[in-house]
Amino acid sequence: MFFAVISILPEMFTAITEYGVVGRAIKREQAMIHLINPRDFTTDNYRRIDERPFGGGPGMVMMAEPLEKAIAHAKDLAMQAGCDLDKCPVVYLSPQGETLGETVVTQMVAFDGMILLCGRYEGIDERLLETYVDMEISIGDYVLTGGELPAMVLMDSVIRRLPAVMGDDLSAEQDSFVDGLLDCPHYTKPLEFQGKAVPDVLLSGHHANIAKWRFIQQVKRTQARRPDLWEKFSPNKQQLKWLKDLND
Ligand code: 4G4
C-alpha cells in the first residue's frame, strides 16, 4: 500500500517508520510512506507556507499554492508506484472530518494508497480543500496542533490490517471493534499473579470451549462498557448459538 504524506514536519513520522510492526512493514515494502514537505515547493526566499487570514483574527493559514504543487508531486509518485489515482484519495486530517472507526479503516484497506494532507496553524485555505480533497477524516473530538499525529494514527490502523503485515494469521480481524465487539481479556505466564489464577478453561486445551468463553467475555464487556456497540451487534450463526446457551 502506498502513502504520500504532505507535512511541514516530516521528521515526526520516524515515530512510525522506524519502529514496531509498521516499521517492519515498510522495510519489507508491504507499505511505503513518501514524505513531502510543502516548503520545498515555495518560490520565495523565506520559503513561506503560511500567511495571515483575510478578515483578520488570530493565527495563520496555510497557503494553497505550495500545497497544490505538493499534491501534484504526490500524485506523480503514486502513479510511478503503480496506483490507480481513482483508488488513491487525497485525505485531509481535520477536526471537522468524519470520525475514524474500524468501518472507515476497512474501506481504506481496499485502496491502492492515500495522499494524506496534514494541516498546521489554523488550517488550510478553503479553496485548496474544495479543489483537491476527496475525504476529510478526524480521529476524534479533540484539537491537536497539527494533522501529523492523526495521519500516523490512520496509517497505523490501515497498515496493521494488511493481510501480509499480520502474517495472514487473522489476528487483526479478531481484534476489538473489527467484529463489532470489544476484545476479550488475555492471560500469559505466570499461572498465578498477585493471588489471581488464570481462568481454568484457558488451560483446558478444549479449543471450542475457549472460543465460546472468549466470545462470552467480549459480550459481557461490550454490554457493560459500550451498550451503543452491543445494540448494533449482529451475531453470526455460531455466536447466536453461544448467546442462546448464555440465556438458558
Ligand atoms: C485542520 C484544521 C486533526 C487541521 C485545523 C487535526 C485534530 C484533528 C488542524 C487544525 C488537528 C483530529 C490546528 C485545529 C490540525 N487536530 N481530531 N489539528 N487545527 O483528527
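Everything that follows concerns the structure shown earlier in this document.
Reading guide: rules and limits
Residues numbered from 1 in each chain as written. Predicted model: local features only at pLDDT ≥ 70, side-chain atom pairs only at ≥ 80, totals over all residues. Heavy atoms only, no water. Pairing = 2+ DSSP bridges. Helix = DSSP H or I, 4+ residues; strand = E, 2+ residues; numbered from the N terminus. Axes fitted to C-alpha atoms, helices over the stretch in contact; angles between N-to-C directions. Contact = heavy atoms within 4.5 Å. Near = heavy atom within 4 Å. Polar contact = N/O pair within 3.5 Å; in protein donor to acceptor, adjacent residues only side chain to side chain. Parallel < 35°, antiparallel > 145°, perpendicular 65-115°, else oblique. Left-handed = near helix turned anticlockwise from the far one by under 90°. Nonpolar A, V, L, I, M, F, W, Y, C, P; charged D, E, K, R; others polar. Buried < 20%, exposed > 50% of the residue type's maximum accessible area, 1.4 Å probe, protein only. Salt bridge = Lys/Arg side-chain N within 4 Å of Asp/Glu carboxyl O.

**Student:** Before we move on, can you summarise the sheet that holds strand β5 (residues 90–99) with the specific residues and values?
**Tutor:** With parallel pairing, 5 strands are arranged side by side in an open sheet as β2-β1-β6-β5-β7. In this open sheet, the two strands that pair with only one neighbour each are β2 (32–36) and β7 (135–138). Each strand of the sheet is rotated relative to its neighbour by a mean of 35°, with strand direction disregarded. Looking at chain direction, strand β1 (residues 2–6) and β2 are connected through 5 bridges and run parallel. The residue bridging Ala-4 from the neighbouring strand is His-34, located in β2.

**Student:** So what's going on with the environment of Ile-139? Which residues, and what values?
**Tutor:** Note that Ile-139 resides in the loop between β7 and α6 (148–159). Once residues within four sequence positions are removed from consideration, Ile-139 is found in contact with Leu-100, Leu-144, Pro-150 and Val-153.

**Student:** Account for the site of the ligand, with residues named and values stated.
**Tutor:** What surrounds the ligand is a group of 17 residues, the closest being Tyr-92, Tyr-121, Ile-139, Gly-140 and Leu-144. Between the ligand and Gly-140, the relevant distance is 2.8 Å, taken from a nitrogen atom to a main-chain nitrogen or oxygen of the residue. Contact distances for the ligand include 3.1 Å between a nitrogen atom and a backbone N or O atom of Tyr-142. For the shell around the ligand, the element with the highest residue contribution is β5, accounting for 4 residues.

**Student:** For the environment of Ala-110, give the residues involved together with the corresponding values.
**Tutor:** If you trace the backbone, Ala-110 turns up in the loop between α4 (102–109) and β6 (113–118). For the pair Ala-110 and Leu-162, spaced 52 residues apart in sequence, the C-alpha separation works out to 9.3 Å.

**Student:** Account for the packing of α4 against α6, with residues named and values stated.
**Tutor:** Two numbers describe how α4 lies on α6: the axes approach to 9 Å, and their chain directions differ by 70°. Considering the angle they form, α4 stands roughly perpendicular to α6. You can see that α4 and α6 cross each other, and the crossing is right-handed. Within the contact between the two elements, α4 uses Val-105, Met-108 and Val-109 and α6 uses Leu-154, Ser-157 and Val-158. Looking at the contact of α4 with α6 residue by residue, the classes come out as 5 nonpolar, 1 polar and no charged.

**Student:** Give me the lowdown on the pairing of β1, citing residues and values where you can.
**Tutor:** By the criterion of burial, β1 is predominantly enclosed, with 5 of the 5 residues buried. Alternating positions in β1 separate into two faces, Phe-2, Ala-4 and Ile-6 on one and Phe-3 and Val-5 on the other, with burial throughout. As paired elements, β1 and β6 share 5 bridges and run parallel to each other. Note on β6: the bridge partner recorded for Ile-6 is Leu-117.

**Student:** So, the pattern of salt bridges: which residues are in play, and what are the values?
**Tutor:** Enumeration over the complete set of coordinates arrives at 8 salt bridges. A salt bridge links Glu-51 to Arg-48; its shortest N-O distance comes to 3.9 Å. Relative accessible area serves as the criterion here: at 34%, Glu-51 is assigned to the partly exposed category. A relative accessible area of 33% places Arg-48 in the partly exposed class. It is possible to trace a salt-bridge network through shared partners that takes in Arg-48, Asp-50 and Glu-51.

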